[in-house]
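# Structural description and commentary
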Amino acid sequence: MVLLLIGITLCFLIIPFFIAKPSLTICLFQRAGTWLCFSLILCALFVKLVRIARIFLRKKGSARPRFIEPKYQILFTFLLVGGLMLLVIISLIDVHPEATKELVLDSKDTDDFPYFVVTCDAPNTALIVIQMLYLTVLLIVSNALAVLTIRFPANFNEVKYIAFSTFSIGVIWIAYVVIYFATDDRELQTAIIAFAIQMSAIGVLVCMFCPRIFIMIVWPNKNKNEMSVSKPTDILSSLSANRK
């Protein structure tokens with residue numbers, strides 16, 4: 001949950017770098033920060049879904065699943081994020097994140113003075129596609145697990161929160177990929193990236209935390225009951241009780 005909050009916070013903090021005047025630092029944070037914040041959210045949700053699926057899909061009478069403690073969730077999340085960030089580092093080495101000035105003349109008004117447009121150098125397209133495929137595979141598997149786990153015990157509402165968060169990211173990601181590759185306008189592509197990041201963060205924030213806050217304010221007694229079942233140490237015991 002902590003990593004999820006960090007990822008959401010980074011999504012909001014990265015937006016000013018898309019508005020600021022391009023420079024070496026700005027372009028570096030744009031390219032590295034975009035993938036970091038987005039992957040941190042998606043990988044954290046993916047690891048949570050895998051953990052829940054392993055707990056509830058285990059065979060009756062089988063041993064407690066291994067590596068489901070919070071420390072392993074953090075480790076697996078960092079490993080998945082690290083795999084993507086390795087590709088990002090290779091992309092940064094291949095094409096340095098520098099700002100380029102381009103002299104532009106208004107085609108509609110040839111009498112107007114030309115002006116400079118400062119943009120960040122575009123990364124290698126092949127590496128961008130690989131990075132997108134990496135996240136797309138995670139997203140597809142996450143949505144499949146979300147569909148599979150959403151039917152689990154009603155008293156474990158976190159499954160539904162995670163599932164709807166994953167669905168919201170999936171919808172935004174599909175729209176982002178389609179629109180991004182449908183245009184060659186660099187300004188529009190930058191705006192699309194910033195919008196997709198912000199909407200992903202808002203979607204996860206609403207799906208994961210707004211229901212909890214609403215329950216805490218409106219139905220505090222119900223919140224106590226849910227929290228007692230939702231503790232990681234009680235998941236397996238509640239499952240065993242349901243199967244008897």
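Notes on the structure follow. (Residues numbered from 1 in each chain as written. Predicted model: local features only at pLDDT ≥ 70, side-chain atom pairs only at ≥ 80, totals over all residues. Heavy atoms only, no water.)

## Focus: helix α5 (residues 125–149)
Since there are 3.6 residues in each turn of an α-helix, residues three or four apart along the chain are aligned in direction. An ideal rise of 1.5 Å per residue puts 36 Å on 25 residues; α5 measures up with 36 Å between its terminal C-alpha atoms. Turning to α5, its buried residues number three or more, namely Leu127, Ile128, Gln131, Met132, Leu135, Leu138, Leu139, Ser142, Asn143, Leu145, Ala146 and Thr149. In the core, the buried residues of α5 are packed alongside α3 (24–56), α4 (70–94) and α6 (158–182). Regarding α5, its N-cap is Asn124, as a side-chain oxygen of that residue lies 2.8 Å from the backbone nitrogen of Ala126 further along. (Helix = DSSP H or I, 4+ residues; strand = E, 2+ residues; numbered from the N terminus. Expected span 1.5 Å × (residues − 1). Buried < 20%, exposed > 50% of the residue type's maximum accessible area, 1.4 Å probe, protein only. Contact = heavy atoms within 4.5 Å. Polar contact = N/O pair within 3.5 Å; in protein donor to acceptor, adjacent residues only side chain to side chain.)

## Remarks on the layout of surface pockets
Reported here for the largest pocket is a volume of approximately 720 Å³. Pro123, Tyr180, Arg186, Thr190 and Ile193 are, among the 33 residues lining the largest pocket, the residues nearest its centre. Those elements that provide at least two residues to the lining of the largest pocket are α2 (16–19), α3, α4, β2 (115–120), α5, α6 and α7 (186–218). Broken down by element, the lining of the largest pocket gets its largest block of residues, 5 residues, from α7. Taken together, the residues of the lining of the largest pocket break down into 18 nonpolar, 10 polar and 5 charged. (1 Å grid on protein atoms, 1.4 Å probe; cavity = no way out; pocket = protein on both sides within 12 Å on 5 of 7 lines; lining within 4 Å. Points joined across faces, edges and corners; volume = space filled by probe spheres on them. Nonpolar A, V, L, I, M, F, W, Y, C, P; charged D, E, K, R; others polar.)

## Some points on the packing of aromatic side chains
Per the counting criterion, the structure on display carries 6 aromatic pairs. With 4.7 Å between their ring centres and 15 degrees between their planes, Phe17 and Phe29 make a pair best called stacked. Of this pair, Phe17 sits in helix α2 while Phe29 sits in helix α3, and the two are 12 residues apart along the sequence. Assessed through its relative accessible area of 39%, Phe29 is described here as partly exposed. One aromatic cluster in this structure is built from Phe38, Trp173 and Tyr176. (Phe/Tyr/Trp six-rings, centres within 6.5 Å; stacked < 30°, edge-to-face > 60°.)

## Description of the state of the cysteines
Scanning all chains against the criterion turns up 1 disulfide. Between the sulfur atoms of Cys27 and its disulfide partner Cys120 the distance amounts to 2.0 Å. Between Cys27 and Cys120, the S-S dihedral sits near -85 degrees, and the bridge is therefore left-handed. Within this pair, whereas Cys27 is found in helix α3, its partner Cys120 is found in strand β2, the two being separated by 93 residues in sequence. Both residues of the pair, Cys27 and Cys120, count as buried. With no disulfide partner, Cys210 has as its closest neighbouring cysteine sulfur the one in Cys207, 8.4 Å distant. Cys210 sits in the partly exposed class, given a relative accessible area of 38%. (Disulfide = S-S within 2.5 Å.)

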